[in-house]
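What the coordinates show
This is what each chain is made of:
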Amino acid sequence: MKKGPYKTKKQMCMPDDDCPDMKLAHSYVLWQHYDNAFRPQEALMKGTLFPELYGVYTLPK
Amino acid sequence: MWIYEKALQHPVRVSRPDLSFAKLVITQYGGPDGELGASLRYLNQRYSMPTGQAKALLTDIGTEEMAHMEMIAALVYKLVDGASPKDFEEAGWGGQYAQHNHGLFWTDANGVPWCASYIACLGDPIADLTEDMAAEQKARVTYEHLIHLTDDPCVKDTLRFLWEREVVHFQRFGEMLNTVQEHMEKKNMWCGCEVEE
Amino acid sequence: MNCEQQMRMLIEVQEMQFVALELNLYLDTHPCDKDAINDFNCAVEMLTKYKQAYEKEYGPLLNFGIGGYTDEAWQWVNSPWPWQL
């Protein structure tokens, strides 16, 4: 029987099967870790203090 | 208890009045994915959240959404500044003038009034936080649509600020969902029991 | 009334208020982050200074007694209001 179009574990980005904290049918986001901050002027202009939260979605023009 | 701070969260400027665009951007005042709905959704859901952290986050983001609603109001106020009744008619917004003059009201871009059916509160933290995340995505997308619908760079700046806030809120609600799910797992919430902190 | 100066002083308040708000939301989901706590307190220190400077020139930002004592004149009712600036 032909198997489905499964990719190898290397190619797919998904949690390891033995990850203890995640469960099927639950959704999660990656935890943000505060390392850097924009200057206040840049933060207000951009809409966030955190460089890692800016550009995660394509900026609308 | 709420206190009002007499300043916008972010400056709101327009290059020129634009009634046609005011008619569109009003959807973020009183439409299905707008700031009024966001604010009321979060401020209402907070009462049935299981942890202090969740109550705090929903209170804080709900309050920030009120500030965003004020920014949209300021935007519409400036976009209709000096407009005559004829200007409203020519922009296809004669009904707005007839019912509200230069006043604001909560409708979507097609004049449909705000409705409590836009929001929900199931009293289940997973369902409610998941709804909140969906709401932030819908708001983000709506701001993208609105940014595409205007050429005014000042207006785009204001809307891009609000767009980015939706991204940040999505992250925060997601983190809170992570935490609440872990909390409920520890407290065996599967039985739906009330939880102590 | 010097509008340019008011906008300049207001933006300083808005910028620092925004930093405090962002850290506040971050701390709601990361309540143990010491760096964020320190930066929040720094932001509050700056924000307090900027607010006091602004209010001295342009009147109170807060009502219901949260903003402190009032002068002889009840300035809360003064214009311009935020959507008019």
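Below, the structure is looked at part by part. Since the structure is predicted, the reported quantities are computational estimates derived from the model, not experimental observations.

Examining the interface of chain B and chain A
Chain B puts 28 residues into the contact, and the matching count from chain A is 22 residues. Buried area between chain B and chain A, summed over both chains or domains, comes out near 2,100 Å², and the portion from carbon and sulfur atoms is 58%. Joining chain B to chain A, the criterion identifies 1 salt bridge. For E185 of chain B, the salt bridge identified is with K23 of chain A, shortest N-O distance 2.6 Å. Inspection of the chain B/chain A interface yields 10 residue pairs in polar contact (both at pLDDT 80 or more). Every element with two or more residues in the side of chain B that touches chain A is listed here: helix 7 (125-148) and helix 8 (153-186) of chain B. Here the side of chain B that touches chain A gets 18 residues from one element, more than from any other, and that element is helix 8 of chain B.

With respect to the interface of chain B and chain C
With 30 residues of chain B at the contact, the number on the chain C side is 32 residues. When the two sides are added together, the surface that chain B and chain C hide from each other amounts to roughly 2,400 Å², 60% of it contributed by carbon and sulfur. Ranking the residues of chain B by area buried against chain C places I3, E5 and K6 of chain B at the top, with a combined share of 28%. At the surface where chain B touches chain C, the tally comes to 2 salt bridges. Between R165 of chain B and E22 of chain C there is a salt bridge, and its shortest N-O distance comes to 3.0 Å. Our enumeration of links across chain B and chain C arrives at 10 residue pairs in polar contact (both at pLDDT 80 or more). Broken down by secondary-structure element, the contributors of at least two residues to the side of chain B that touches chain C are helix 4 (52-79) and helix 8 of chain B. If one sorts the elements of the side of chain B that touches chain C by residue count, helix 4 of chain B sits on top with 10 residues. Here the residues of the side of chain B that touches chain C sort into 16 nonpolar, 4 polar and 10 charged.

Rules used in this analysis
- Residues numbered from 1 in each chain as written.
- Chains lettered and ligands numbered in written order.
- Predicted model: local features only at pLDDT ≥ 70, side-chain atom pairs only at ≥ 80, totals over all residues.
- Heavy atoms only, no water.
- Contact = heavy atoms within 4.5 Å.
- Buried area = accessible area lost by both parts, 1.4 Å probe.
- Salt bridge = Lys/Arg side-chain N within 4 Å of Asp/Glu carboxyl O.
- Polar contact = N/O pair within 3.5 Å; in protein donor to acceptor, adjacent residues only side chain to side chain.
- Helix = DSSP H or I, 4+ residues; strand = E, 2+ residues; numbered from the N terminus.
- Nonpolar A, V, L, I, M, F, W, Y, C, P; charged D, E, K, R; others polar.

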